[in-house]
Amino acid sequence: MTNNFDAIVIGAGQAGPFLAVRLAAAGQRVAIIERGRFGGTCINTGCTPTKTLVASAYAMHLAGRAMEFGFEVAGPVRIDMKRVKARKDEITNRSSGGIESWLKSTQNCFVYQGQAQFESPNEVRVGDEVLAARQVFIDVGGRAATPSMPGVASTPYLTNSTLLDLDILPRHLVIVGGGYVGLEFAQIFRRFGSEVTIIEKAPRLIGHEDEDVSTQAQSILEHEGVQIRLNANCIELMRSGEGVGVRVDCADGAPEVIGSHILLAMGRTPNTGDLGLDKAGVIRDARGYIVVDDQLRTNVTGIWALGDCNGRGGFTHTSYNDFEIVAANLLDRETRSVADRIRAYNLYIDPPIGRCGMTEHEARASGRHVLIGRRPMTRVARAIEKGETQGFMKVLVDADSKQILGATIFGTGGDEVIHCVLDMMYARAPYTVMQRAMHIHPTVSELIPTMLGELQPL
Ligand SMILES: Cc1cc2nc3c(=O)[nH]c(=O)nc-3n(C[C@H](O)[C@H](O)[C@H](O)COP(=O)(O)OP(=O)(O)OC[C@H]3O[C@@H](n4cnc5c(N)ncnc54)[C@H](O)[C@@H]3O)c2cc1C
């Protein structure tokens with residue numbers, strides 16, 4: 001049986017549902033296919049659940065500092081993982097359920113639950129049915145990568161998804177991978193009371209960031225008791241007695257780390273291997289990402305790829321922005337392009353790292369005349385008042401054009417403050433506009449104009 005539609009959307013993650021509803025509202029007959037939970041990675045196993053845990057961990061951390069703030073907690077601060085998980089589940093279930101009922105109640109939108117696979121460029125099978133449409137939008141996201149390292153097949157390990165199902169506290173969580181996901185989980189579980197070790201094969205954590213950012217993040221985590229093993233050049237997983245272990249083979253230190261649980265946080269793999277893309281003729285790159293142009297069209301006319309599966313973003317906001325670009329181009333007669341967006345993201349350790357535009361390293365390599373402004377959080381009144389003075393901020397400016405090139409706000413409130421720099425970059429306004437703006441006291445943001453008034457050559 002073939003069902004004909006104007007559009008088929010594969011995946012109800014962070015681009016698919018919004019696009020399906022937009023197309024349906026424009027009068028198109030739309031099918032959306034989801035094989036798992038509505039809302040995809042972000043809502044079920046990514047942003048939302050981890051940020052609920054970040055909130056629990058932060059509250060617990062502050063409770064542990066009670067005396068500093070002038071109050072006492074009756075008895076020791078102890079984690080109740082069942083309640084932490086119940087809070088997390090309540091928030092994610094509500095969000096996922098909201099998307100499901102929104103889609104199912106949208107006129108012209110038909111929801112299919114199951115695995116989607118192409119039969120041809122304009123036909124997609126789901127279960128016993130074949131759906132046909134002149135436009136197909138792929139939003140299949142990704143999953144935790146499990147590199148083929150020694151011991152991986154014979155040793156139990158967790159991923160971001162399965163770790164979030166635990167309602168017990170790991171005694172010793174060994175995290176393989178010192179990237180964004182690894183660092184967030186490391187601090188969360190350390191604050192909950194687990195022993196935590198991060199094993200990273202590179203010489204520093206979060207290697208895409210500037211060295212001062214990596215060093216500061218490492219020092220914050222170590223200060224809280226997270227063990228960090230860098231330069232782990234021969235990682236191997238193994239069972240060890242009642243627990244599990246990771247062979248590290250570092251130049252110095254113990255040759256292996258024994259723990260109760262292993263978390264693999266070694267990057268993501270796009271969900272493009274079981275989509276039947278060969279039957280549609282859609283090209284993927286060597287890492288499995290669907291190749292798209294700046295308007296997110298694949299090599300096959302009538303097929304687009306949005307979100308994590310196109311390798312152009314990797315965040316919820318990039319996935320959602322992909323939806324906005326495609327919808328504007330198709331429905332609003334605009335010509336929007338992914339090339340126009342400015343890289344921006346946060347790392348939700350505490351204090352958070354807000355980032356936009358170029359790193360210092362990239363600015364230096366760009367060959368421009370660059371100015372830099374820096375300020376440690378110890379010189380930010382609001383941070384002092386909150387008792388949260390770890391971190392620093394820095395902003396990079398092109399000396400000739402006066403345009404802001406990028407910024408890092410690594411400190412309390414940095415996840416929100418970064419947007420005032422980001423919006424200046426989108427406005428393409430010279431930095432002097434912000435330097436002269438009157439910001440509100442006491443905030444972290446009030447020091448950005450000050451920092452811009454103290455620029456020095458890089
Ligand atoms: C631990 C963790 C924390 C994160 N935290 C943040 C954060 O704080 N901020 C942020 O911006 N990003 C964060 N991310 C990244 C964010 O989750 C993703 O970038 C985002 O979910 C991508 O959305 P998407 O729509 O591209 O894909 P997804 O959200 O992965 O959705 C894809 C959907 O497609 C479905 N699907 C796949 N294949 C098929 C098929 N063949 N048939 C039918 N359905 C299919 C899947 O079931 C899924 O529901 C985090 C990720 C992780 C792992």
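For the structure, check the block above.
On a predicted model such as this, the values are computed, not experimentally measured, just so you know.

Calculation rules
- Residues numbered from 1 in each chain as written.
- Predicted model: local features only at pLDDT ≥ 70, side-chain atom pairs only at ≥ 80, totals over all residues.
- Heavy atoms only, no water.
- Buried < 20%, exposed > 50% of the residue type's maximum accessible area, 1.4 Å probe, protein only.
- Helix = DSSP H or I, 4+ residues; strand = E, 2+ residues; numbered from the N terminus.
- Pairing = 2+ DSSP bridges.
- Phe/Tyr/Trp six-rings, centres within 6.5 Å; stacked < 30°, edge-to-face > 60°.
- Near = heavy atom within 4 Å.
- Polar contact = N/O pair within 3.5 Å; in protein donor to acceptor, adjacent residues only side chain to side chain.
- Areas by Shrake-Rupley, 256 points an atom, 1.4 Å probe, with all protein chains shown as cover.
- Disulfide = S-S within 2.5 Å.
- Patch = residues over 30% accessible without salt bridge, like charges linked within 9 Å, V, L, I, M, F, W, Y side chains within 5 Å.
- Salt bridge = Lys/Arg side-chain N within 4 Å of Asp/Glu carboxyl O.

**A few points about the pairing of strand E19 (residues 370-376)**
No. 1: In terms of burial, E19 is a largely internal element, five of the seven residues being buried.
No. 2: Alignment of E19 against strand E20 (residues 392-398), held across seven bridges, turns out to be antiparallel. Within E20, the position partnered with Leu371 by the bridge is Val397.
No. 3: Sheet analysis places E19 next to strand E22 (residues 456-457), joined by two bridges and oriented antiparallel. From the neighbouring strand, Leu371 faces E22, where its bridge partner is Pro457.

**Examining the packing of aromatic side chains**
Within a pair of aromatic rings, the relevant descriptors are the distance that separates the centres and the angle that separates the planes.
No. 1: Scanning the entire structure with this criterion turns up 12 aromatic pairs.
No. 2: Aromatic side chains Phe5 and Tyr112 sit 6.1 Å apart centroid to centroid with 90° between the ring planes, which places their arrangement in the edge-to-face category. Taken together, the positions of Phe5 in strand E1 (residues 2-10) and Tyr112 in strand E3 (residues 109-113) put the pair 107 residues apart, joining distant regions of the chain.
No. 3: Ring centres 5.6 Å apart and planes at 80° place the aromatic pair Phe189 and Phe192 in the edge-to-face group. Linking Phe189 with Phe192, this pair stays in helix H7 (residues 180-192), spanning three residues, or about one helical turn.

**With respect to the site of the ligand**
No. 1: Around the ligand, 38 residues are found, and the nearest of them are Gln14, Glu34, Thr41, Asp139 and Asp308.
No. 2: Residue Arg35 places a main-chain N or O atom 3.2 Å away from a nitrogen atom belonging to the ligand.
No. 3: For the ligand, an oxygen atom lies 3.2 Å from a polar atom in the side chain of Ser319.
No. 4: For the ligand, the protein covers 93% of the area, taking 1000 Å² as the surface of the free molecule.
No. 5: Taken together, the elements giving at least two residues each to the shell around the ligand come down to strand E2 (30-34), helix H2 (40-44), helix H3 (47-64) and helix H10 (316-331).

**Section: unusual backbone geometry**
No. 1: Look at the link from Asp350 to Pro351: it is a cis peptide, with omega at 0°.
No. 2: Its location among the elements puts Pro351 in the loop between strand E17 (344-347) and strand E18 (353-357).
No. 3: The omega torsion across His441 and Pro442 is -10°, close enough to zero to call that bond cis.
No. 4: Among the secondary structure elements, Pro442 is positioned in the loop between helix H14 (431-435) and helix H15 (447-452).
No. 5: Of note in the backbone geometry, Ile206 takes a positive phi value of approximately 30° without being a glycine.
No. 6: Position of Ile206 relative to the elements: it lies in the loop between strand E9 (195-199) and helix H8 (211-223).
No. 7: The phi torsion at Leu296 lies on the positive side, around 70°, for a residue other than glycine.
No. 8: Along the chain, Leu296 falls in the loop between helix H9 (277-280) and strand E16 (303-305).

**Considerations on helix H1 (residues 16-25)**
No. 1: Here H1 lies mainly inside the structure; seven of its 10 residues are buried.
No. 2: Turning to H1, its buried residues are Gly16, Pro17, Leu19, Ala20, Val21, Leu23 and Ala24.
No. 3: Within two residues after H1, Gly27 carries a phi angle of roughly 95°, on the positive side.

**Thoughts on the state of the cysteines**
No. 1: Following the criterion strictly, the structure yields one disulfide and no others.
No. 2: Two residues, Cys42 and Cys47, share a disulfide whose sulfurs are 2.3 Å apart. In this structure the cystine formed by Cys42 and Cys47 twists about its S-S bond by roughly -135°; its chirality is therefore left-handed.
No. 3: Cys356 takes part in no disulfide bond, and the closest cysteine sulfur, belonging to Cys420, lies 8.9 Å away.
No. 4: Here Cys356 falls in the buried class, since its relative accessible area comes to 0%.
No. 5: Here Cys420 falls in the partly exposed class, since its relative accessible area comes to 24%.

**Brief notes about a nonpolar patch on the surface**
No. 1: On the surface, Phe69, Phe71, Val73 and Val77 cluster together into a nonpolar patch covering about 310 Å² of accessible area.
No. 2: Take Phe69: its relative accessible area is 39%, and that puts it in the partly exposed class.

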